[in-house]
Each structure stands twice: as C-alpha cells, then as structure tokens.
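Structural characterization, general
Listed below are the residues making up each chain.
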Amino acid sequence: MNRLLVFALALAGCVALAAGCGGGATDDGKKVLRVGNRSEVQDLDPHLCTGVAEQRALASIFQGLADLDLATMKPIPGAAASWTISEDGLVYTFALQPNGKWSNGDPVVAGDFLYAYKRMLTPALGSEYAYMLHCLKNAKAYNEGTLTDFGQVGVKVVDDATLELTLEAPTPYFLSMQIHYSWFPVPQKAIEAFGEMTTRGSEWTRPGNHVGNGPFKLKDWRPDEVLAVERNPNYWNAGSVKLDEVQFYPISNEQTEERMFRNGELDLTYTVPMFKIESYRKEHPELLQIHPYLGSYFYRFNLTRKPFDDVRVRQAFSLALNREEIAANVCKAGEQPAHFFTPPNTAGYTSQHQVETNIEKAKALLAEAGYPNGQGLPPVEILYNSSETDKIFAETVQNMWQGSLGATITLRNQDYKIYLDSMTGLNYDIARSMWIGDVVDPVNFLECFLTGGGNNRTGFASPEFDAAIRAAYAEPDVAKREAHLQSAEKILLENAVIAPVFFYTQKFLQDPKVKNVVPNLLGQYAWQDIDIVEPAA
C-alpha cells in the first residue's frame, strides 16, 4: 500500500478517535465542559444583555429567585429556598436560601434583589430588557421616569432573608421569569467599586472583579477566544455541582464549530451546519440532537427609512417570501414555515391571523406604492450577523425579492455586537432577526414590539397594539386574555412590521459522555446538573 495513503488513513483514524475520546477531563482529572456559544457575549452584566449566547453564559454565574426543572418546566428553588403566593396572585413572598452567598463569600440578602431591580428599572441605565420587570407594581412608571420614588415600586425588603414582590396583575408565568437574566441579582459593592449604579461597560465584569451568585464563577474572559467559568465553592448548593469548569467558545462559523467537535475540541455545539445534518442522521445519529424550540426566525423592517415607511412596501416584501420553499429546501432540521410571529401552540395560543405568499398581490401593492415592477425602488440592504447559515438565508430571500419584485438587494454582515448596535440604532433597511422565548407564554413574543421597547428595533409605534398588550397583562380570564393577544398579533402582521420566515428547532451536537442535558422548549441549560462520564475502558 502506498505510504502516503497509509499515513492519510492513520491520520483520519486519529481525527475520528479524537471526537470520541478528546477533552472532558484534563490531566489533573478535572471535568471541563467545552461548549460552542456562537457569538461573543455583549457583556457579563445581566442588565445590559439581550441575546441567547448571553443567557447561556450568565446562567452559569448568576441565579434568580427561582429556577426551572427543565424536564417538567416547573419552578424549583433557586436563590430563594421557598415562596408563598397571596390568594389574589399579586404578592409573592420569597424566603432566601439560608446559606446563599456571592462568589466572594458575602451573604446574598434581600436588599441585593431590591438594588438589582431598582438598577434595572432606572432610566439612566437604559436596559433594553427593563420591560420584563414591568409586571411589578409601579415598575413601568418608574422605568419611564413618571415616578421617581422607588419606594412605591412593588419591591419590599421584609428582612435580610425575606423579599416581598407585589405585581400589577396576576402573572401566571411570574416564577418562570426568574430564570431570565433581567431578574438576576447583581452585587452593589462590586458594581460601585468601578463606577456608579448606572455606569455601563465598567470593569466590574472583568476576571478578578466579577462577582456572581451562580453555581460557577468567572475564571477567564478573553473576548473572541474563550469565556471560562469554574465551580463556585460559595454557591448555596455547591455540593450538587458536577463539573469543575465550563468553557464557552464564541464560534460564529458553524463549519468551524462542527470541525472542532469532530476533532475533539468541543463537547457540545451551539448548532449544526445545515448541509451536515443529513450525514449525521445517517452516520452518527448518537451525536445529533434535534428538539422542539420556542423560537421564530424573521426579518424586521426599519419603519423610519424609505421605502419601508410605507406599509404597502412592507406588505409586498412579506407577501413575496416563499416560506414553504425555505423550510423544505433550505432548512434541514424539521423547521416549519412561519405565517405568523408567535410559534403555534405557545401555552395553548396559536395566531388566527396569517400572512400568505402571493406574488401577484405583492406586485400590485408595490405598484400602488409607486414602484411598478420595482422601478424607482431604492436599493435595499439586508443586515445579518456573521454566520454562514444566516448568509444562506439572506441570499435565498435576496433572490426571491429580486426575482419577484424587481428590487435591488444587497447584503451586509456584521459581527454580533455591531449588528445589535445597528439594529438598536435603526441603522439598517431590513435585518435578519430571531426571537427565542424567555418564558412559555405568547406575550413574551408580542411585547417585543411595544412602543419604545428595548427589543422593538423597528420604529413601530401603535397605541392600539400597546393597549392590547397592556390589556393582556391585566386580564386574568384566559379566553379574554387570548382575545387581546390575537388582536395584538393581527395589528403586528397587518402592519407588516416584520416578515416571519420559519419556526426554529434546536439542533446541536453532543458528545455521548456529556450527561444530563435536558431538551426543553426554551433551550436552557442547567449547568450545575450537567456531568461528564467517561466510558468504561
């Protein structure tokens, strides 16, 4: 046999073996989990983040009052050991973990949560997710600056071990919200050692300065390289934590991530390249994970820029999308075409209002807007974050819009942080977007488009839409609440604020030695439960 061929076969064998035996345990016997995390995190300050990559990392170093049993999606104790709820569903009284500590050894007390919620709602901080706390009594007024006395907000420190929260209206999913980073406590002493309460981007989030209350603590953070967390000995339930370290790698290129997994450099990926899914199904099904995921992929329009300040143009672009073709021929993991925004059967809710694919109607609307066959239509740019998959989707819709509408479409990709800044600053025409549920409730999707909301990023402002969402917040009757949500989604779709494309599935690669990863609709990870169990020799 040719020596080069022998060498090539041997090398291939080594690479194949690496995926099965590399990593997991270091030379000193520590259990180290290496995770693909798609993009560099915006920050490690939970009040200044908005993304999925951030949720994954922050959930390892912080913990809210309640956690979730990911198998049942039912609330379980977190930073609070227990709680009681008043008969009217408005007052939650939390008893904190008696041995709850920050990673620096200081006790976690009720005042830490009051400080965190006050900071989150203070207008000067400008947190994009502040609206998540608007269910607290008077929180919206304080966040908008019409109320300046935080003592009137529904947050009361009974004593160091007891926190009382009062809501505006009964909120059935309130405990489930506590897994979201907008509700995480933050350490006043650490924050104010490097600035004021509302200082953004300060040094308190850096290694050596960072303080959290989660099962792990920050060990290392080298932007665009790795974010490493290590077991936190001061965590209230430290004895149950199985891993010694978790390393999050910001790998935006799906092919690079998949190659690192094959080479034994990653134990868990963020996603799987679309064109590799079928080969894993056939050759390595034990490595491939595909599960339901509460998420929508869509394009948002900038309503403050021509030509998308005209609803007819937005409607035309939405009508010209062939969602069935995208779901069937571009997606590869069972994604379903999206003719509305909120994923179907979200806590029993499915939108009664849909957008269709109708090229002739799209052309007629474009002509009515003054652009017959696309003539006179200014060039349009699609913004997307640096990702090979998102590039493929952008090229697909680019071809559809150019072919059907006669539009001139260009593409612009940006690194994740810059891309988010561009959307927030309305520096785009059309932007690739996604929303993954923070809780399993339809209002969590629709409230994104409240006027002035931090996750709106379209310039859309509708008093009727806002009123429908506010009514849904306050309505205890299930049927009446759904009617308000249906009304809100109808307004959103009729105004073509967005063009829904498909509903997600969660797809990733997992080394068989990684245990206790529990599939769930929110794509959450209980890092404290995950383990690495090497196969027997």
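Okay, so let's go over this structure.

Analysis parameters
- Residues numbered from 1 in each chain as written.
- Predicted model: local features only at pLDDT ≥ 70, side-chain atom pairs only at ≥ 80, totals over all residues.
- Heavy atoms only, no water.
- Helix = DSSP H or I, 4+ residues; strand = E, 2+ residues; numbered from the N terminus.
- Rg over C-alpha atoms; globule rule 2.2 N^0.38 Å.
- Buried < 20%, exposed > 50% of the residue type's maximum accessible area, 1.4 Å probe, protein only.
- Contact = heavy atoms within 4.5 Å.
- Areas by Shrake-Rupley, 256 points an atom, 1.4 Å probe, with all protein chains shown as cover.
- 1 Å grid on protein atoms, 1.4 Å probe; cavity = no way out; pocket = protein on both sides within 12 Å on 5 of 7 lines; lining within 4 Å.
- Points joined across faces, edges and corners; volume = space filled by probe spheres on them.
- Nonpolar A, V, L, I, M, F, W, Y, C, P; charged D, E, K, R; others polar.
- Axes fitted to C-alpha atoms, helices over the stretch in contact; angles between N-to-C directions.
- Parallel < 35°, antiparallel > 145°, perpendicular 65-115°, else oblique.
- Left-handed = near helix turned anticlockwise from the far one by under 90°.
- Salt bridge = Lys/Arg side-chain N within 4 Å of Asp/Glu carboxyl O.
- Pairing = 2+ DSSP bridges.
- Core = buried A, V, L, I, M, F, W, Y, C linked by side-chain atoms within 4.5 Å.
- Phe/Tyr/Trp six-rings, centres within 6.5 Å; stacked < 30°, edge-to-face > 60°.

1. Observations concerning the overall build of the protein chain
- Helix and strand counts for the protein chain stand at 15 helices and 19 strands.
- Here the C-alpha radius of gyration of the protein chain, 24 Å, is about what a compact globule of 537 residues would show, namely 24 Å.
- Reported as C-alpha extents along the three principal axes, the dimensions of the protein chain are approximately 80 × 70 × 40 Å.
- The proportion of buried residues among the 537 residues of the protein chain is 56%.
- For the protein chain, restricting intrachain contacts to residue pairs at least 6 apart in sequence, the fraction spanning at least 24 positions comes to 69%.
- Surface accessibility of the protein chain: about 21300 Å² in total, with carbon and sulfur atoms responsible for 52%.

2. Side note on the layout of surface pockets
- Empty space within the largest pocket amounts to approximately 710 Å³.
- Along its surface, the largest pocket is lined by 33 residues, and Thr171, Pro172, Tyr173, Asp441 and Arg481 are the ones closest to its centre.
- For the lining of the largest pocket, the secondary-structure elements that each account for two or more residues are strand 4 (74–77), helix 14 (463–474) and helix 15 (478–494).
- Along the lines of polarity and charge, the residues of the lining of the largest pocket split into 20 nonpolar, five polar and eight charged.

3. Some words on the environment of Thr166
- Within the element layout of this structure, Thr166 appears in strand 8 (residues 162–166).
- Sequence separation between Thr166 and Tyr142 is 24 residues, and the spatial gap between their C-alpha atoms is 15 Å.
- Those residues in contact with Thr166 that sit more than four places away from it in its chain are Leu90, Val91, Leu136, Lys137 and Gly154.

4. What to know about the packing of helix 8 (residues 311–319) against helix 10 (residues 359–368)
- It is at 8 Å that the axes of helix 8 and helix 10 come closest, and there the two elements cross at 160°. If you check the angle between helix 8 and helix 10, you find them roughly antiparallel. Judged by the sense of rotation from one axis to the other, the crossing of helix 8 with helix 10 is left-handed. Across from Arg312, Val313, Gln315, Ala316 and Leu319 in helix 8, the residues of helix 10 making contact are Ile359, Lys361, Ala362, Leu365, Leu366 and Glu368.

5. A few points about empty space enclosed by the protein
- Following the criterion strictly, the structure yields nine cavities of 30 Å³ or more and no others.
- Of the pockets and cavities examined, the largest cavity occupies roughly 420 Å³.
- Elements that contribute at least two residues to the lining of the largest cavity include exactly helix 2 (52–61), strand 12 (288–301), helix 12 (416–424) and strand 16 (430–436).
- When residues in the lining of the largest cavity are grouped by element, the largest group, five residues, is from strand 16.
- Residues that form the lining of the largest cavity fall into these classes: 15 nonpolar, eleven polar and six charged.
- Residue lining of the second largest cavity: 25 residues in total, with Arg38, Tyr270, Thr271, Tyr504 and Lys507 positioned closest to the centre.
- For the lining of the second largest cavity, the elements supplying multiple residues, two or more each, are helix 2, strand 12, helix 11 (388–405), strand 16 and strand 17 (498–509).
- Of the residues forming the lining of the second largest cavity, the biggest block, five residues, is contributed by strand 17.
- Broken down by class, the residue content of the lining of the second largest cavity amounts to twelve nonpolar, five polar and eight charged.

6. Here we look at the pattern of salt bridges
- Within the structure shown, the criterion is met by 25 salt bridges.
- Notably, a salt bridge pairs Asp45 with Arg119, separated by 2.6 Å at the nearest N-O pair. With Asp45 in the loop between strand 2 (31–36) and helix 2 and Arg119 in helix 3 (residues 110–121), this residue pair connects regions lying 74 residues apart in the sequence. Note on accessibility: Asp45 and Arg119 belong to one class, buried.
- Residues Arg312 and Asp310 are paired through a salt bridge, measuring 2.8 Å at the closest nitrogen-oxygen approach.
- A residue is classified by how much of its surface remains accessible, and Arg312, at 26% relative accessible area, is partly exposed.
- Through salt bridges with shared partners, a single ionic network connects Arg34, Asp267, Asp511 and Lys513.

7. Concerning the sheet that holds strand 5 (residues 80–85)
- Read from one edge of the open sheet, four strands run 5-6-8-7, paired in antiparallel fashion. Where the open sheet ends on each side, the last strands, each with one partner, are strand 5 and strand 7 (155–159). Averaged over all adjacent pairs, the angle separating strand axes in this sheet is 20°, with direction ignored.
- For strand 7 and strand 8, the ladder comprises four bridges, and the chain directions are antiparallel. What sits directly across from Val155, in strand 8, is Leu165.
- Contacts from helix 3 reach strand 6 (91–96), strand 7 and strand 8, with the element oriented near 165° to strand 7.

8. A short note on the nonpolar core
- If you look at the biggest cluster of nonpolar residues, it comprises 140 residues, and the most contacted ones within it are Tyr117, Phe317, Trp401, Phe449 and Trp527.
- Residue contributions to this core peak at seven residues, all from helix 3.
- Ignoring anything within four residues of it in the chain, the contact list for Phe317 reads Phe301, Phe308, Leu377, Val380, Trp401, Leu405, Ala407, Ile409 and Ile430.
- Grouped together as the second largest cluster of nonpolar side chains are 13 residues, Tyr249, Leu266, Leu287 and Leu288 included.

9. Some thoughts on the packing of aromatic side chains
- Here the structure, examined in full by the defined rule, presents 34 aromatic pairs.
- On the basis of an interplanar angle of 15° and a centroid distance of 6.3 Å, the ring pair of Tyr92 and Phe94 is categorised as stacked.
- Of the residues examined, Phe94 reaches a relative accessible area of 0% and is grouped as buried.
- Relative to Phe502, the ring of Tyr297 has its centre 4.6 Å away and its plane inclined at 15°; by these criteria the two rings are stacked. Taken together, the residues span a long stretch of sequence, with Tyr297 in strand 12 and Phe502 in strand 17 at a distance of 205 residues.

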